[in-house]
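Examining the three-dimensional arrangement
Each chain, written out:
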Amino acid sequence: MRKKRVLLLSEGFGSGHTQAANALAVGLKQICPSISARVIELGKFLNPVIGPLIVSAYRRTVSSQPKMVGMMYRSNYKKPTNRLAQLALHRMFYTQTSQVIAQLKPDLIVCTHPVPNTVVARLKRLGLDIPLYTLITDYDAHGSWVNQEVNHYLVSSPDVKRRLVEKGVMPERVEVTGIPVHPNFWITYSKDVIREEYDLKDMPTVLIMGGGWGILYEDNALSYMTKWRETTQLIFCVGSNEKMKEKMLGDPMFQHQNIRILGFTRDVHKLMEAADLLVTKPGGMTCTEGMSKALPMLFYEPIPGQEEENCEYFIQNGFGEMLNSNDTVNRWFQLIHDKAAATAFREGLLQKRALQYDPKKCPEAVLQLMQ
């Protein structure tokens, strides 16, 4: 009997879309080993030269002109991808995507980014007879995600479902599953064991992350945190930003026995387990991972648009606060130094997480829909 095949299509505009696709793929296989799941970043796969150049240009734009990115996001917020853009994507991807699908013969296609979602939706209009599920990887519902050909939407929260319904999607086609995290995040580890594994000290610990593209450590509040280094362990994760890592390693401000500077790592699930507080840019994936570990979070420099919406969701639900000043740093650092108060706060977050998020729900929903 042939294995059921799931094709997950993403894009590299930010690391979260592909992380979600990989998390779902591994989660599906964890629950149902007979499933075959393949993740492809469509642009990079079909255009290995041009695709990365487009992503690199987007990355530079996000870093240098975030307000413009936000303006573009808001200008088309209520609208599906327009016909001209659909035609352009059709010309760039149609034939090759059709060939990939014909070769892999999936029983189901899951898209975690609007671009492949639009491409596959057009293929379905032209006769492709394979179910299309759309996994929205933020706590917002931009119009570019919406296509009539989508059979089912998997979304992060009831509010995202409401926003999709307002955009004309039938309620029965939207399921609140939460954003999937890698099965590594399903496991609870001993904080003492993790700290011993990474040679970390038994002291209040703050994990500072900037997503896959790395942080801008010149931010005053992030630099101010180093003033706590005598009593607080600081772990800076700069992702794939090797230049930033080298710059920080050479800066006396970060040269201290209680400060660790890490580049790309696959052990974020363990580092979060060792931490008492997470400071992060509010990408949908990182915030969901933090919630899965019931970590209090401070958010800095959200990209206008979806990251602002992510911030709003987690602040409203009591998982964190915007990092607006040094006073915010002091207040939260003082909290994690008060053992009784910190324990009570984490227990409250564990209860909220239990009510709002089950990390297995998304892969389980996909398997249920495939039956």
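All of these numbers come straight from a predicted model, not from anything done at the bench. (Residues numbered from 1 in each chain as written. Predicted model: local features only at pLDDT ≥ 70, side-chain atom pairs only at ≥ 80, totals over all residues. Heavy atoms only, no water.)

Running from N to C, helix α14 (residues 326-337) and helix α15 (residues 339-356) point in directions that differ by 100 degrees, and their axes come no closer than 5 Å. By the angle between their directions, the pair α14 and α15 is classed as roughly perpendicular. Contact residues: α14 offers W332, L335, I336 and H337, while α15 offers K339, A341, A342 and F345. Partitioned by chemical class, the residues of the contact of α14 with α15 number six nonpolar, one polar and one charged. (Axes fitted to C-alpha atoms, helices over the stretch in contact; angles between N-to-C directions. Helix = DSSP H or I, 4+ residues; strand = E, 2+ residues; numbered from the N terminus. Parallel < 35°, antiparallel > 145°, perpendicular 65-115°, else oblique. Contact = heavy atoms within 4.5 Å. Nonpolar A, V, L, I, M, F, W, Y, C, P; charged D, E, K, R; others polar.)

Another point: the environment of Q257. Within the fold, Q257 resides in the loop between α10 (242-249) and β9 (259-262). Take Q257: its relative accessible area is 60%, and that puts it in the exposed class. It is 8.5 Å that separates the C-alpha atoms of Q257 and R229, two residues lying 28 residues apart in sequence. (Buried < 20%, exposed > 50% of the residue type's maximum accessible area, 1.4 Å probe, protein only.)

Once that is clear, we can look at the sheet that holds strand β8 (residues 233-237). Read across the open sheet, the six strands follow the order β9-β8-β7-β10-β11-β12; overall the sheet is parallel. Looking at the sheet topology across the chains shown, the edges are occupied by β9 and β12 (320-322). Neighbour-to-neighbour, the strand axes of this sheet turn through a mean angle of 15 degrees, independent of strand direction. Note that strand β7 (residues 205-209) and β8 share five bridges and pair parallel. Bridging across to β8, M209 finds its partner in C237. Along the sheet face, helix α13 (residues 306-316) touches β11 (297-299) and β12 and points at about 135 degrees away from the line of β12. α14 contacts β7, β8, β10 (277-280), β11 and β12 of the sheet and is inclined by roughly 160 degrees relative to β12. (Pairing = 2+ DSSP bridges.)

Residue alternation in strand β5 (residues 152-155) divides its side chains into two sets, H152 and L154 and Y153 and V155, and both sets are buried. As judged from the three bridges shared by strand β4 (residues 132-135) and β5, these two strands associate in the parallel manner. Residue L135 lies in a different strand from β5, and its bridge partner there is L154. Between β5 and its parallel partner strand β6 (residues 174-176), the chain crosses via helix α7 (residues 158-166), and the hand of that crossover is right-handed. (Right-handed = clockwise from strand over helix to strand, strands pointing away.)

Within a pair of aromatic rings, the relevant descriptors are the distance that separates the centres and the angle that separates the planes. The tally for this structure, following the rule as stated, stands at eight aromatic pairs. Judged by centre distance (4.8 Å) and plane angle (70 degrees), the ring pair of Y139 and F314 falls under edge-to-face. Placement of the pair is Y139 in the loop between β4 and β5 and F314 in helix α13, with a sequence separation of 175 residues. In this pair, the class of Y139 matches that of F314, namely buried. Members of the aromatic cluster, connected to one another through ring pairs, are Y139, F299, Y313, F314 and F319. (Phe/Tyr/Trp six-rings, centres within 6.5 Å; stacked < 30°, edge-to-face > 60°.)

What follows concerns the sheet that holds β5. One open sheet accounts for six strands, arranged β2-β1-β3-β4-β5-β6; its pairing is parallel. Two strands lie at the open edges of the sheet, namely β2 (36-41) and β6, each paired on one side alone. Each adjacent strand pair in this sheet contributes to an overall mean axis angle of 20 degrees, direction not counted. As paired strands, strand β3 (residues 108-111) and β4 are joined by three bridges and run parallel to one another. Paired with V110 across the strands is Y133, a residue of β4.

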